[in-house]
Amino acid sequence: DPEKAKWFNEQYLRSKSDDDIALHLKSLVSNEFQFSDDDHRVTMHYLSTAAQLLKPRVQFEHEMIVVGRYLFEAPTTYDQLVLDKKWKDGCREFFQSLSEKLSQLATFETTEIDLLFKETAAVHGFKPGDVLQLFRVIISGQSGGVDLLGMLVLLGKKECVQRIEVALNTIIK
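These remarks concern the structure in this document. (Residues numbered from 1 in each chain as written. Predicted model: local features only at pLDDT ≥ 70, side-chain atom pairs only at ≥ 80, totals over all residues. Heavy atoms only, no water.)

**Some thoughts on the overall build of the protein chain**
Right, on to step 1. Regarding its fold elements, the protein chain presents 10 helices and zero strands.
Right, on to step 2. Against the 2.2 N^0.38 benchmark of 16 Å for 173 residues, the protein chain shows a C-alpha radius of gyration of 17 Å, consistent with a compact globule.
Right, on to step 3. If one aligns the C-alpha atoms of the protein chain with their principal axes, the spans along those axes are about 50 × 40 × 30 Å.
Right, on to step 4. For the protein chain, the residues scored as buried account for 44% of the 173 residues in total.
Right, on to step 5. Of the contacts formed within the protein chain by residues at least 6 apart in sequence, a portion of 71% connects residues at least 24 apart.
Right, on to step 6. Total accessible area computed for the protein chain in this model is approximately 9500 Å², and 52% of it derives from carbon and sulfur atoms.
Right, on to step 7. Side chains of the protein chain give 21 positive and 26 negative charges; the mean places of these two sets differ by 4 Å. (Helix = DSSP H or I, 4+ residues; strand = E, 2+ residues; numbered from the N terminus. Rg over C-alpha atoms; globule rule 2.2 N^0.38 Å. Buried < 20%, exposed > 50% of the residue type's maximum accessible area, 1.4 Å probe, protein only. Contact = heavy atoms within 4.5 Å. Areas by Shrake-Rupley, 256 points an atom, 1.4 Å probe, with all protein chains shown as cover. Lys, Arg positive; Asp, Glu negative; His and termini not counted. Charge placed at Lys NZ, Arg CZ, Asp CG, Glu CD.)

Have a look at this one:
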């Protein structure tokens, strides 16, 4: 029964610690992305956090580097359906402002990022929901995925700001 097998695989993966998964992920990630041993994306902390974010989204460890590719490399394409549907006048200015403000945050943690995102949206006349999915697409290239705030913290301030800048230069609106 495929449903039972799927359930068993999911339960097995969820029963493993994030650190155990991280140990297995290290070689998968290093091989797939050709990271050097001193790259922060192959540290136990990074991989364990990535495993924690990805566990609810996959059945097997090896799927993590496919499903969560955006945690290890910046997107080169962006979900055009979301861009076409959600991009409105003022979005570019909002994301430019958000990028500048994110780069100035003293601590890059979920609470601070969430508050800054909501405040910046309000200043630019948006409700957070108006620009949240766009933010996800700008950071990951995809319309869905792992917890957005968790992903932002994992990627870090410098990487997030860089991804916003690249996206704004790539997205022609």
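After presenting the structure, the write-up continues.
**Here we look at the packing of aromatic side chains**
Right, on to step 1. For the structure shown, the criterion picks out nine aromatic pairs.
Right, on to step 2. Taken together, a centroid distance of 5.4 Å and an interplanar angle of 15° make the contact between Phe33 and Phe35 stacked. Residue Phe33 shares its accessibility class with Phe35, and that shared class is buried.
Right, on to step 3. Judged by centre distance (5.3 Å) and plane angle (10°), the rings of Phe117 and Phe135 are stacked. Of this pair, Phe117 sits in helix H7 (residues 110–123) while Phe135 sits in helix H8 (residues 128–140), and the two are 18 residues apart along the sequence. (Phe/Tyr/Trp six-rings, centres within 6.5 Å; stacked < 30°, edge-to-face > 60°.)

**Focus: the pattern of salt bridges**
Right, on to step 1. Evaluated as defined, the whole model comprises seven salt bridges.
Right, on to step 2. Asp18 is the salt-bridge partner of Lys55, the closest N and O atoms lying 3.0 Å from each other. Here Lys55 is found in the loop between helix H3 (44–54) and helix H4 (64–67), whereas its partner Asp18 is found in helix H2 (residues 18–33), with 37 residues between them in sequence. Summarising the burial analysis for this pair, Lys55 and Asp18 share the class buried.
Right, on to step 3. As a salt-bridge pair, Glu73 and Arg69 come within 2.7 Å of each other at their nearest N and O atoms.
Right, on to step 4. What you see here is one network of salt bridges that share partners, running through Glu32, Arg69 and Glu73. (Salt bridge = Lys/Arg side-chain N within 4 Å of Asp/Glu carboxyl O.)

**Side note on the layout of surface pockets**
Right, on to step 1. The computed volume of the largest pocket comes to approximately 150 Å³.
Right, on to step 2. If you go around the largest pocket, the residues you meet are Arg69, Tyr70, Glu73, Ala74, Pro75, Thr76, Thr77, Ser140, Gly141 and Gln142.
Right, on to step 3. Classifying every residue of the lining of the largest pocket gives three nonpolar, five polar and two charged. (1 Å grid on protein atoms, 1.4 Å probe; cavity = no way out; pocket = protein on both sides within 12 Å on 5 of 7 lines; lining within 4 Å. Points joined across faces, edges and corners; volume = space filled by probe spheres on them. Nonpolar A, V, L, I, M, F, W, Y, C, P; charged D, E, K, R; others polar.)

**A look at the nonpolar core**
Right, on to step 1. Judged by nonpolar contacts, the single largest core of 54 residues is most densely connected at Leu71, Phe95, Leu102 and Phe135.
Right, on to step 2. When residues no more than four places from it in sequence are discounted, the contact partners of Leu71 are Tyr46, Ala50, Leu54, Val146, Met151, Leu154 and Leu155. (Core = buried A, V, L, I, M, F, W, Y, C linked by side-chain atoms within 4.5 Å.)

**What to know about the environment of Trp87**
Right, on to step 1. Its place among the elements puts Trp87 in the loop between helix H5 (80–86) and helix H6 (91–103).
Right, on to step 2. By relative accessible area, which is 12% here, Trp87 ends up buried.
Right, on to step 3. Residues Trp87 and Ser140 lie 53 residues apart in sequence; the distance between their C-alpha atoms is 16 Å.

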